[in-house]
Amino acid sequence: MSIEQLEDIAQALVAEGKGIIAIDESTNTIKRRFEAVGIENTEEHRRAYREMLLTTPRLGEHISGAILFDETLRQSTKDGVPFAQVMREAGILPGIKVDKGTQSLAGFPGELVTEGLDGLRERLKEYARLGATFAKWRAVITIGSETPSGTCIDANTHALARYAALCQEQGLVPIVEPEILMDGDHDIEVCYEVTEATLRSLFGALYQQDVLIEGTILKASMVLPGKDCDEVASVEEVAVATLSCLKASVPANLPGIVFLSGGQDDAAATAHLNAMNQLGHAPWPLSFSYGRAMQQAALKLWAQDLKGNYAAAQQIVYARARDNGLATLGQWTG
Ligand code: 13P
């Protein structure tokens, strides 16, 4: 894989009017999502649910790529067509989550570090053979009265950079995701400071590991007040704070930034993205890589009747893709 090919994939992921659907919930995470709607967490239910999502008619109009969990990349439709093939035929790039989740950071109570570097080169080789063109690794930064520590930020960004270098070595575009959690009562200024410190550390680490920035995508969290903060921030305030924070810490040669939804409701996630794109003057395309804000309404409907609501659930998936696609252009009208 050449440098140009990595750049082409990265650019395709943030092509005009398109974004990513994240359906890479681990078996434990999807268990929580299924439990909330009364669905048993069996392999067949996970397969059927993801088939519903990935075979949504015309999904490729607004979706450039989908991030899968290991199990899903190995699964097929009920008619036996591998999901990776279904996606390619729909013009959707297959991606794969490759981190192994978080563990407590030793010596730093309340802080987490993401694991998964051991054996990663071999796993990436296999994922590339199975059809993956890009990968994702999520680090988690928790805001508390004493956190995050510099040690936690640097341990996580070092791992993100090691992962990114390995991906590019194997011809996969790395999505680097340092998620600043919305949990807590911190205000928007604190979120801004933590996000800026984390992104500066991340790009420092990426340079140190000689990662090709032009072949990398950043998956960022928006700059928001914590869920339990008394002060609310307007859509405009979130858009201005997020854009200004990114401009202060992200190099202009990055091909694009995609946002996670992080627990925002559907309308808020779309409105914030739309407002940022209306502000304009960002050096990168600003798009989405939503999990919950793409899926939660469709999951509820699909779960009511695994067969009868199939088409209606797919219409919702399509509508969420279209709305978020419009928001990448600043053209969403609510
Ligand atoms: P949410 O949009 O639900 O935050 O999920 C995105 C994701 O992939 C987190 O890693």
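Refer to the structure printed above.
Once a new chain begins, its residue numbering starts again from 1 and follows that chain's sequence as written. Reporting of local features is limited, given that this is a predicted model, to residues whose pLDDT is at least 70; pairs of side-chain atoms are given and counted only at 80 or more, and all residues count toward the totals for whole chains, interfaces and linings. Values shown for side chains rest on all heavy atoms present in the structure; no hydrogens or waters enter the calculation.

Novice: In this structure, what is going on with the packing of aromatic side chains? I would like to understand it.
Specialist: Remark: the centre distance and the inter-plane angle together describe each pair of aromatic rings, the angle taken between the planes. The pairing test for Phe, Tyr and Trp rings, Trp by its six-membered ring, is centres within 6.5 Å, and the orientation test on the planes gives stacked under 30 degrees, edge-to-face over 60, and tilted for anything in between. Evaluation of the coordinates by the stated rule reveals 5 aromatic pairs. Ring geometry for Phe-288 and Tyr-290: centres 5.6 Å apart, planes at 40°, overall tilted. Of the two residues examined, Phe-288 and Tyr-290, each falls in the buried class. Three exposure classes are used, based on accessible area relative to the maximum for each residue type with a 1.4 Å probe and protein chains only: buried under 20%, partly exposed in between, and exposed over 50%.

Novice: I keep staring at the site of the ligand and nothing clicks. Help me out?
Specialist: By convention in these notes, a residue is near a molecule or strand provided one of its non-hydrogen atoms lies within 4 Å of it. In the vicinity of the ligand there are 13 residues, among which Lys-136, Lys-219, Ser-261, Gly-262 and Arg-292 approach most closely. We call two N or O atoms a polar contact when they sit within 3.5 Å, provided that within protein one can donate a hydrogen and the other can accept it, with sequence-adjacent residues counted only if both atoms are side-chain atoms. A distance of 2.5 Å separates an oxygen atom of the ligand from a polar atom in the side chain of Lys-136. At 2.5 Å, a side-chain N or O of Ser-261 approaches an oxygen atom of the ligand. The Shrake-Rupley method, run with a 1.4 Å probe, gives the accessible areas here. Residue values count only the displayed protein chains as cover. Coverage of the ligand by the protein amounts to 91% of the 300 Å² it exposes when considered alone. Secondary structure elements are defined from DSSP: runs of H or I of at least 4 residues count as helices, runs of E of at least 2 residues count as strands, and each element is numbered from the N terminus. Looking at the shell around the ligand, the elements that each hand over two or more residues are β6 (134-141) and β10 (286-290). When the residues that make up the shell around the ligand are grouped by side-chain class, the tally is 3 nonpolar, 4 polar and 6 charged. Amino acids are sorted into nonpolar (Ala, Val, Leu, Ile, Met, Phe, Trp, Tyr, Cys and Pro), charged (Asp, Glu, Lys and Arg) and polar (every other residue, Gly among them).

Novice: Even after reading the chapter, I still don't get the environment of Gln-75, so can you show me in this structure?
Specialist: Relative to the assigned elements, Gln-75 resides in the loop between α4 (70-73) and α5 (83-89). Put simply, Gln-75 and Glu-43 are 32 residues apart on the chain and 9.8 Å apart in space, counted from C-alpha to C-alpha. At 3.3 Å, the side chain of Gln-75 and the side chain of Glu-43 are in polar contact.

Novice: Help me understand unusual backbone geometry, please; the structure alone is not making it clear to me.
Specialist: Backbone geometry follows two general trends: most residues other than glycine have a negative phi, and most peptide bonds adopt the trans configuration. Cis geometry is found at the peptide bond from Thr-147 to Pro-148, where omega equals 10°. Tracing the chain through its elements places Pro-148 in the loop between β6 and α7 (150-169). In this structure, Asp-210 takes a positive phi of about 60° despite not being glycine. Within the fold, Asp-210 resides in the loop between α8 (188-208) and β8 (217-220).

Novice: In this structure, what is going on with the sheet that holds strand β1 (residues 19-23)? I would like to understand it.
Specialist: For sheets, the rule is that strands pair by backbone hydrogen bonds, running either parallel or antiparallel. A barrel is described by the order of its strands in space; here 8 strands give the closed sequence β1-β2-β3-β6-β7-β8-β9-β10, paired in parallel fashion. Taking each pair of neighbouring strands and ignoring which way they run, the sheet shows an average axis angle of 25°. Two strands make a pair as long as DSSP finds a minimum of two bridges between them. Alignment of strand β9 (residues 257-259) against β10, held across 3 bridges, turns out to be parallel. Following the sheet pairing, Phe-259 is matched in β10 by Phe-288. The strands touched by α7 within the sheet are β6 and β7 (173-180), with β6 carrying the most contacts at an inclination of about 175°. This element, helix α12 (residues 310-328), spans β1, β2 (63-68) and β10 of the sheet and lies at about 155° to β10. Note on geometry: axes are C-alpha line fits, over the in-contact stretch for helices, and angles between N-to-C directions span 0 to 180 degrees. In what follows, residue pairs with any heavy atoms lying within 4.5 Å of each other are defined as contacts.

Novice: I would appreciate a short explanation of a negative patch on the surface in the present structure.
Specialist: A surface patch of like charges, here negative, comprises Asp-185, Glu-189, Glu-193, Asp-228, Asp-230, Glu-231, Glu-236 and Glu-237. We classify Glu-189 as partly exposed; its relative accessible area is 47%. Only residues whose relative accessible area exceeds 30% and that form no salt bridge enter a patch; like-charged residues are grouped when within 9 Å of one another, and nonpolar side chains (Val, Leu, Ile, Met, Phe, Trp, Tyr) when within 5 Å. For this document, the term salt bridge refers to a Lys or Arg side-chain nitrogen within 4 Å of an Asp or Glu carboxyl oxygen. The charge count treats Lys and Arg as positive and Asp and Glu as negative. His and the chain ends do not count. Note on charges: their place is set at NZ of Lys, CZ of Arg, CG of Asp or CD of Glu.

Novice: What should I look at first to understand the packing of helix α9 (residues 235-249) against helix α10 (residues 266-279) in this one?
Specialist: Axis angle and axis distance: for two packed helices, these are the angle between their axes and the distance between the axes, and together they describe the pair. It is the contact of α9 with α10, at a shortest axis distance of 8 Å, that shows an interaxial angle of 60°. When the axes of α9 and α10 are compared, the pair comes out oblique. The handedness of the crossing between α9 and α10 comes out as right-handed. Residues Val-235, Glu-236, Val-238, Ala-239, Val-240, Thr-242 and Leu-243 of α9 lie in contact with α10, whose contacting residues are Ala-271, His-272, Ala-275, Met-276 and Leu-279. Split by residue class, the contact of α9 with α10 holds 9 nonpolar, 2 polar and 1 charged. Comment on the angle field: the value is read as roughly parallel under 35 degrees, roughly antiparallel over 145, roughly perpendicular from 65 to 115, and oblique elsewhere. Working rule for handedness: look at the near helix, and if it is turned counterclockwise from the far one by less than a right angle, call the crossing left-handed; if clockwise, right-handed.

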